[in-house]
Amino acid sequence: MTFPIRSCAAGLCLILPAWTMAAMNGPAYVRTGSLSAPEANQAAAADERFVYAIDNAVIAQYDRSTGRRLAGSTGEAKHLNSGFLLDGKLYCAHSNYPRKPEKSELKVLDPATMALSTFHDFGASYGSLTWAVRRPDRHWWCTFAFYGEENAKTVLIELDEDWKKVGAWTYPPEVVRDLGRMSISGGVWQGATLLATGHDHRRIYRLRLPKEGGVLELVEVLPSPFPGQGIATDPKAGGLVGIDRAKREVIFAELRENP
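A quick note: this is a predicted structure, and the numbers were derived from the prediction, not measured. (Residues numbered from 1 in each chain as written. Predicted model: local features only at pLDDT ≥ 70, side-chain atom pairs only at ≥ 80, totals over all residues. Heavy atoms only, no water.)

Side note on the overall build of the protein
Moving on, step 1. Assigned secondary structure in the protein consists of two helices and 22 strands.
Moving on, step 2. Put simply, the protein has 259 residues, and 52% of those count as buried.
Moving on, step 3. Sequence separation of at least 24 residues holds for 46% of the intrachain contacts in the protein that already meet a minimum separation of 6.
Moving on, step 4. Element-wise, carbon and sulfur atoms account for 51% of the exposed surface of the protein, whose accessible area totals about 12,300 Å². (Helix = DSSP H or I, 4+ residues; strand = E, 2+ residues; numbered from the N terminus. Buried < 20%, exposed > 50% of the residue type's maximum accessible area, 1.4 Å probe, protein only. Contact = heavy atoms within 4.5 Å. Areas by Shrake-Rupley, 256 points an atom, 1.4 Å probe, with all protein chains shown as cover.)

As structure tokens, this is what we get:
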């Protein structure tokens, strides 16, 4: 159990969760590079050669070494979210947010043609898809988000190769409280733990599956240069790639033990 800690400065006292105080003094993700991209509004992804900046309706491809914009995607999209590179293709979460009922798809971008198409249609189910990744066992892990008074219903779902549900977990109450009225925007697996981001906080929640039950466990909270939104692993540098949507920048980050 964690207890709140009182922090006082200039006569102002705030009650902070214990995990927030711990995050101020532990390891942190730090900015190691950036790339300007007007499309850096929802998420980013990268491989050895290219950087992909993801906006609501378009994905832009940039040359990683020069920062030059190379191409934009073609194909219909309304509300793209996090991207995930697999076997040379970029898979992106997509939803009809904020419309009701929630409908979600997994889109796929072919970098050779920049054509964006539907890979899998979830239909009206679960919530609004914000991120999806596939693990080596070929199972897909997807977060379907809810917002406002319903955001505690945001759920991580494991789906097999035939898109049948294997398991489902909600996010910890302390994480949901920290999200305010927003929800989980990004996520990647890092070994046996899950790194997840919210909508607008500069922190990453490190989570793990529980031994039993349907609620993810919070391991720690890591400071981050990304003000929320979608993240992806960076295969070239070994860290993460995300965005600062206010500055329209793609940001690269690495974990430092003593930043």
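What to know about the sheet that holds strand 17 (residues 193–197)
Moving on, step 1. The sheet built from four strands is open, its strands ordered 16-17-18-19 with antiparallel pairing. If you trace the sheet from one side to the other, it starts and ends with strand 16 (186–190) and strand 19 (217–223), each paired once. Pairs of neighbouring strands in the sheet enclose a mean axial angle of 25°, with direction left out of account. (Pairing = 2+ DSSP bridges. Axes fitted to C-alpha atoms, helices over the stretch in contact; angles between N-to-C directions.)

Brief notes about the pattern of salt bridges
Moving on, step 1. Enumeration over the complete set of coordinates arrives at 14 salt bridges.
Moving on, step 2. Residue E220 is joined to R206 by a salt bridge in which the shortest nitrogen-to-oxygen separation is 2.8 Å. Of this pair, E220 sits in strand 19 while R206 sits in strand 18 (residues 203–208), and the two are 14 residues apart along the sequence.
Moving on, step 3. Given a relative accessible area of 25%, E220 falls into the partly exposed group.
Moving on, step 4. Residues participating in the shared-partner salt-bridge network are K100, E102, E150 and K153. (Salt bridge = Lys/Arg side-chain N within 4 Å of Asp/Glu carboxyl O.)

Side note on the packing of aromatic side chains
Aromatic rings in a pair are described by how distant their centres are and how their planes are angled relative to each other.
Moving on, step 1. Applying the stated criterion to the full structure yields 13 aromatic pairs.
Moving on, step 2. Ring geometry for Y91 and F119: centres 5.0 Å apart, planes at 80°, overall edge-to-face. A residue pair is termed long-range when its members are at least 10 positions apart, and Y91 in strand 9 (residues 89–95) and F119 in strand 11 (residues 115–123) qualify at 28 residues.
Moving on, step 3. Assessed through its relative accessible area of 39%, F119 is described here as partly exposed. (Phe/Tyr/Trp six-rings, centres within 6.5 Å; stacked < 30°, edge-to-face > 60°.)

Quick notes on the side chain of E102
Moving on, step 1. Counting through the fold element by element, E102 comes out in the loop between strand 9 and strand 10 (104–110).
Moving on, step 2. Judged by its relative accessible area of 15%, E102 is buried.
Moving on, step 3. Among the polar contacts listed, one links the side chain of E102 to the side chain of K100, at a separation of 2.7 Å.
Moving on, step 4. Residues within four places of E102 in sequence aside, it is in contact with N96, G123, A124, S125, G127, S128 and F146. (Polar contact = N/O pair within 3.5 Å; in protein donor to acceptor, adjacent residues only side chain to side chain.)

Here's the deal with the environment of W189
Moving on, step 1. Secondary-structure assignment places W189 in strand 16.
Moving on, step 2. In sequence terms W189 and T233 are 44 residues apart; their C-alpha atoms lie 8.8 Å from each other.
Moving on, step 3. In this structure W189 touches V133, R135, W141, L194 and L209, once residues within four positions along its chain are discounted.

Some points on unusual backbone geometry
Moving on, step 1. Put simply, Y97 and P98 share a cis peptide bond, and its omega is 10°.
Moving on, step 2. Along the chain, the position of P98 falls in the loop between strand 9 and strand 10.
Moving on, step 3. Here the amide bond leading from K100 into P101 is cis, since omega sits at -10°, within 30 degrees of zero.
Moving on, step 4. Look at D87: it is not a glycine, yet its phi comes out positive at around 50°.
Moving on, step 5. Tracing the sequence through the fold places D87 in the loop between strand 8 (79–86) and strand 9.

Looking at the pairing of strand 22 (residues 249–256)
Moving on, step 1. Across eight bridges, strand 3 (residues 28–36) lies against strand 22 in antiparallel orientation. The partner of R31 across the bridge, within strand 22, is A253.
Moving on, step 2. Looking at chain direction, strand 21 (residues 240–244) and strand 22 are connected through five bridges and run antiparallel. Within strand 22, the position partnered with G242 by the bridge is I251.
Moving on, step 3. The antiparallel pairing of strand 21 with strand 22 creates a hairpin that spans four residues between the two strands, and R248 there sits at a positive phi of about 50°.

Brief notes about the sheet that holds strand 15 (residues 165–170)
Moving on, step 1. Read from one edge of the open sheet, four strands run 12-13-14-15, paired in antiparallel fashion. In this open sheet, the two edge strands, each paired with only one partner strand, are strand 12 (128–134) and strand 15. Averaged over all pairs of adjacent strands, the angle between their axes in this sheet comes to 20°, without regard to strand direction.
Moving on, step 2. Inspection of the sheet shows strand 13 (residues 140–145) paired to strand 14 (residues 155–159) by five bridges, in the antiparallel sense. Bridge assignment links F144 to a residue of strand 14, and that residue is V155.

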